[in-house]
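Examination of the molecular architecture
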2 protein chains.
Amino acid sequence: MEVDLDSFSARDWEEPTDAEPIRFAMVGLGWWTRELSIPAVEGADHCTTTALVSSSTEKAEDVAADLEGIEATLTYDEWADGAATDAYDAVYICTPNGLHRDNVESAAAHDKAVLCEKPLEATVEDARATVDACRDADVPLMVAYRLQTEPVARRARELIQSGAIGDVVSIVGHMSDNILDAVDESSWRFDPDLAGGTTLNDIGIYPLNTIRFILEEDPQAVYARTESEQPAYEGTDEHGAFQLEFPGGKLASCTVTHSATVTSSLRFVGTEGELTVEGLFFPNTRKVLRVSGPDIEGEFRPEPVDQMREEFDYFANRLQNGLDPEPDGEHGMVDMRVIRALYESAESGQRVELDL
Amino acid sequence: MEVDLDSFSARDWEEPTDAEPIRFAMVGLGWWTRELSIPAVEGADHCTTTALVSSSTEKAEDVAADLEGIEATLTYDEWADGAATDAYDAVYICTPNGLHRDNVESAAAHDKAVLCEKPLEATVEDARATVDACRDADVPLMVAYRLQTEPVARRARELIQSGAIGDVVSIVGHMSDNILDAVDESSWRFDPDLAGGTTLNDIGIYPLNTIRFILEEDPQAVYARTESEQPAYEGTDEHGAFQLEFPGGKLASCTVTHSATVTSSLRFVGTEGELTVEGLFFPNTRKVLRVSGPDIEGEFRPEPVDQMREEFDYFANRLQNGLDPEPDGEHGMVDMRVIRALYESAESGQRVELDL
């Protein structure tokens with residue numbers, strides 16, 4: 001495979017279109033939607049925000065006051081009942097994980113395409129129902145893995161798939177942040193029923209899914225260990241370490257924590273070299289991709305993109321062209337099963353084989 | 001703790017001395033001794049090589065022919081019987097792991113200080129006997145963890161211990177090489193009885209021991225997975241991934257393989273920043289230490305040192321001053337028990353708690 005590093009950040013997925021921008025209903029107005037998703041769409045090429053759905057009319061109107069082009073501000077009940085469905089074409093769902101299913105089912109009932117935040121749901125069973133609802137209603141469902149439209153992750157994948165470092169043997173990944181800087185202890189993220197788990201679930205999914213995306217393979221067995229120290233993490237996981245076994249003896253080792261400095265890294269070691277990316281998992285930071293080995297040497301520091309904007313524009317551009325967006329629900333189901341296995345393993349202290 | 005980064009590679013352990021150089025018998029003349037240890041001592045300040053011990057007189061004489069100052073060339077039997085004990089002061093033991101005990105017992109019987117390659121032996125029981133032999137004979141025993149006199153590892157330790165990145169939360173490590181470039185399939189390294197294990201044992205010990213050294217703590221529980229692909233690795237381990245649980249919820253994840261590009265890395269993530277080292281585990285390569293965080297930023301690329309020279313000079317300088325060299329046998333015993341636990345875990349698929 002030829003890897004075009006000169007146009008490193010080009011949108012290799014973008015299709016020309018004369019279609020109108022896709023009009024989004026933003027369902028769930030927490031900090032991620034307000035601070036990242038809505039600003040991303042404000043500067044997007046292929047989409048716009050026209051409806052806001054929240055727990056109260058006041059909250060939706062407060063957010064709308066700072067925006068142009070909002071046609072509807074709805075409560076969850078109003079949106080579920082089908083109010084103002086003419087005001088939007090697609091929905092972005094960023095509620096607590098355990099409310100995804102209800103909201104996706106509403107979107108499917110209204111015949112709207114869905115961009116749903118990851119992980120799909122709080123349990124494998126509810127995730128399955130979420131995916132099935134979209135399939136039965138024949139509406140597109142994309143799971144919001146923003147790394148899959150991050151140019152650095154896409155170039156890493158092309159390099160690995162083209163054999164730039166030979167056969168991959170080992171992978172190591174890390175992601176950390178301090179979530180209590182962004183949310184307080186009452187957040188749903190610390191409630192296992194609403195979240196499905198905290199650190200492995202919330203940020204373990206980044207190295208997990210990005211390694212799957214870059215290798216184009218799924219784990220066959222896993223092991224995990226979790227630790228909790230601060231009171232907010234009572235009954236859930238603050239720090240985690242996990243292993244993923246990929247086909248052909250490839251072993252991945254990852255660490256994640258919601259209570260450390262903000263940093264992330266990913267390293268693929270192959271028979272002919274290695275590829276590393278620093279800073280990959282955060283939405284607006286500088287990324288550094290390095291490739292090195294006996295016959296290859298390079299360092300790339302492309303201008304950062306807004307990962308959320310790339311994701312929204314990709315999803316919208318696919319809809320404009322009548323194409324199914326990816327990653328789809330079945331792709332998201334694999335992570336649901338892997339994460340369940342990670343928590344099972346952390347509970348039992350045993351390796352868990354997956355039957356995917 | 002004040003960290004003196006200006007004199008990054010200075011020998012902070014070196015004591016002034018008027019003593020004569022320590023005269024070494026090199027026991028075991030495999031590629032590591034010939035290509036790394038003997039050249040290191042040729043340029044050393046505090047020691048010299050005066051005796052060579054090998055499987056045959058011819059082999060020892062062949063090696064001696066290229067060196068100055070060799071006073072004795074001995075077979076293993078001659079050396080065990082106490083030939084030419086006046087020709088050397090201390091011994092460096094670099095035989096197959098499973099022969100360490102016999103050779104260390106000989107050295108102890110001859111009242112010679114011992115620098116023994118790591119791991120101490122092929123089994124915990126033989127390692128225990130090895131350490132006890134030196135204790136009973138009252139001869140100094142140092143285990144040859146050359147990273148503990150590597151200036152970059154020492155500066156990393158000072159930075160971490162001084163709180164430069166806050167409290168450590170996550171650690172990730174990797175080491176890989178292609179051992180079949182250096183030895184052939186008949187090497188003792190692939191024989192579990194003589195080696196005690198292959199990849200986890202041979203190079204897993206680098207991240208394991210260096211993390212212990214830098215944290216100044218020992219693992220409390222472990223998990224490991226191994227994989228083997230090539231015929232040379234039938235019945236032993238080619239690739240490995242392991243987790244180490246340190247006190248206070250610190251989790252370390254490591255990958256190692258004897259069948260990939262030559263590379264190594266180590267990353268400590270803390271509450272206030274992170275510290276990474278590239279290239280740490282190889283004896284003569286360029287190392288890069290980076291520290292970053294909200295209140296700290298630095299990159300250090302000191303001139304590489306010869307790790308084996310630093311190790312030999314440290315050991316010799318301690319003896320010249322009548323001081324005990326470290327790391328001692330008890331320190332090496334911890335790795336023996338951890339590595340046994342890693343293989344137990346790889347066999348059972350279960351987390352193994354350590355009672356150290």
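Counting of residues starts from 1 at the beginning of each chain's written sequence and follows it residue by residue. Whichever chain is written first is A, and whichever ligand is written first is 1; the rest continue in order. Local features in a predicted model are, by the rule used here, given only for residues with pLDDT of at least 70; side-chain atom pairs are given and counted only at 80 or more, and totals for whole chains, interfaces and linings are based on all residues. Hydrogens and waters are ignored; side-chain quantities use all the structure's heavy atoms.

1. Topic: the relation of the copies chain B and chain A
The operation relating the pair of chain copies consists of a rotation about an axis and a translation along that axis. What counts is decided by this rule: Copies overlap after least-squares fitting; the atoms used are the C-alpha atoms of residues with pLDDT of at least 70 in both. The criterion used for residue contact is that any of the two residues' heavy atoms lie within 4.5 Å.
Its rotation angle being 180°, the transformation that places chain B on chain A also includes 0.0 Å of axial translation and leaves an RMSD of 0.0 Å. Expressed as a symmetry operation, the mapping of one chain copy onto the other fits a two-fold axis. When each C-alpha of chain B is compared by its distance to the rotation axis, Gln-350 of chain B comes out closest, at 2.2 Å. The residues that chain B uses at the interface reappear at the interface of chain A in 100% of cases, marking a shared surface.

2. Comments concerning the UniProt feature "domain: GFO/IDH/MocA-like oxidoreductase" (unreviewed entry) in chain A
This is how it is decided: UniProt positions are given in the numbering used here, feature names are shortened, and annotations may be inferred rather than shown by experiment. In DSSP terms, a helix is any run of H or I states spanning at least four residues, a strand is any run of E spanning at least two, and both are numbered starting from the N terminus.
According to UniProt, the feature "domain: GFO/IDH/MocA-like oxidoreductase" (unreviewed entry) maps to residues 154-275 of chain A in the numbering used here. Within residues 154-275 of chain A, the helical portion is 22% and the strand portion 40%, while the C-alpha atoms at the span's ends are 13 Å from each other.

3. A few points about the UniProt feature "domain: Gfo/Idh/MocA-like oxidoreductase N-terminal" (unreviewed entry) in chain A
If you check UniProt for "domain: Gfo/Idh/MocA-like oxidoreductase N-terminal" (unreviewed entry), the listed places come out as residues 22-145 of chain A in our numbering. Spanning residues 22-145 of chain A, this segment combines 40% helix with 23% strand, and its end C-alpha atoms are found 19 Å apart.

4. Remarks on the packing of helix H4 (residues 100-109) of chain A against helix H5 (residues 124-137) of chain A
All names here are of chain A. Spelled out, the test is: Between N-to-C directions, angles cover 0 to 180 degrees, with each direction set by a line fitted to C-alpha atoms, over the stretch in contact for helices. Angle categories: roughly parallel below 35 degrees, roughly antiparallel above 145, roughly perpendicular from 65 to 115, and oblique for all the rest. For this classification, the nonpolar set comprises Ala, Val, Leu, Ile, Met, Phe, Trp, Tyr, Cys and Pro, the charged set comprises Asp, Glu, Lys and Arg, and every other residue, Gly included, is treated as polar.
At a minimum axis separation of 9 Å, H4 and H5 run at an interaxial angle of 5°. Classified by the angle their axes make, H4 and H5 are roughly parallel. Counted together, Arg-101, Val-104, Glu-105 and Ala-108 of H4 and Asp-126, Ala-129, Thr-130, Ala-133, Cys-134 and Ala-137 of H5 form the full contact between these two elements. Here the residues of the contact of H4 with H5 are counted per class, giving six nonpolar, one polar and three charged.

5. Regarding the interface of chain B and chain A
The condition that has to hold: Throughout, buried area stands for the accessible area (probe radius 1.4 Å) lost by two parts on being put together, summed over both. Salt bridge, as used here, is a side-chain nitrogen of Lys or Arg placed within 4 Å of a carboxyl oxygen of Asp or Glu. Each polar contact in these results corresponds to two N or O atoms within 3.5 Å; when the atoms are within protein, one needs to be able to donate a hydrogen and the other to accept it, and residues that are neighboring in sequence are counted only if both atoms are side-chain atoms.
In this complex, chain B contributes 42 residues to the contact, which on the side of chain A involves 42 residues. Summing both sides of the interface, chain B and chain A together bury roughly 3,200 Å²; the carbon and sulfur share of this comes to 55%. The tally of links from chain B across to chain A stands at four salt bridges. With a shortest N-O distance of 2.6 Å, Glu-278 of chain B and Arg-267 of chain A are connected by a salt bridge. Counting the contacts that link chain B with chain A gives 16 residue pairs in polar contact (both at pLDDT 80 or more). Elements with a minimum of two residues in the side of chain B that touches chain A: strand E7 (168-178), strand E8 (221-227), strand E9 (239-246), strand E10 (250-257), strand E11 (259-270) and strand E12 (274-278) of chain B. A breakdown of the residues in the side of chain B that touches chain A according to their chemical character gives eleven nonpolar, 21 polar and ten charged.

6. A word on the domain arrangement of chain A
Residues and elements named next belong to chain A. As a reminder, the rule being used: By convention here, the domain bounds are inherited from an automatic or database domain assignment.
Along its sequence, chain A is carved into domain 1 (19-144) and domain 2 (147-294 + 329-353). Domain 1 and domain 2 are separated by 26 Å when their C-alpha centres are compared. Between domain 1 and domain 2, the residue contacts involve 21 residues of the former and 21 residues of the latter. Taken together, both faces of the contact between domain 1 and domain 2 bury some 1,700 Å²; the carbon and sulfur share is 68%. On inspection of domain 1 and its partner domain 2, the count reaches two salt bridges. Note that Arg-128 and Glu-330 form a salt bridge whose closest N and O atoms lie 2.6 Å from each other. Mapped by element, the contributors of at least two residues to the side of domain 1 that touches domain 2 are helix H1 (31-42), H5 and strand E6 (141-143). Top element by residues in the side of domain 1 that touches domain 2 is H5. It accounts for five residues. Residues of the side of domain 1 that touches domain 2, tallied by class, amount to 13 nonpolar, four polar and four charged.

7. Considerations on the pattern of salt bridges
Definition in use: Working definition: with a 1.4 Å probe on protein chains only, accessible area under 20% of the residue-type maximum means buried, over 50% means exposed, and in between means partly exposed.
Applying the stated criterion to the full structure yields 62 salt bridges over all chains. Note that Arg-309 of chain A is salt-bridged to Asp-306 of chain A, the shortest N-O span being 3.8 Å. Its salt-bridge partner being Glu-299 of chain B, residue Arg-290 of chain B comes within 2.9 Å of it at the nearest N-O pair. Owing to a relative accessible area of 43%, Glu-299 of chain B belongs among the partly exposed residues under this scheme.

8. Looking at the sheet that holds E11 of chain B
All names here are of chain B. Just so we agree on the cut-off: Note: two strands are recorded as paired if DSSP finds a minimum of 2 bridges between them.
Across the sheet, which stays open at both edges, the nine strands sit in the order E14-E13-E12-E11-E7-E10-E9-E8-E15 with mixed pairing between neighbours. Two strands lie at the open edges of the sheet, namely strand E14 (296-300) and strand E15 (352-353), each paired on one side alone. Looking at chain direction, E9 and E10 are connected through eight bridges and run antiparallel. Residue pairing in the sheet places Phe-242 in a bridge with Cys-254 of E10.

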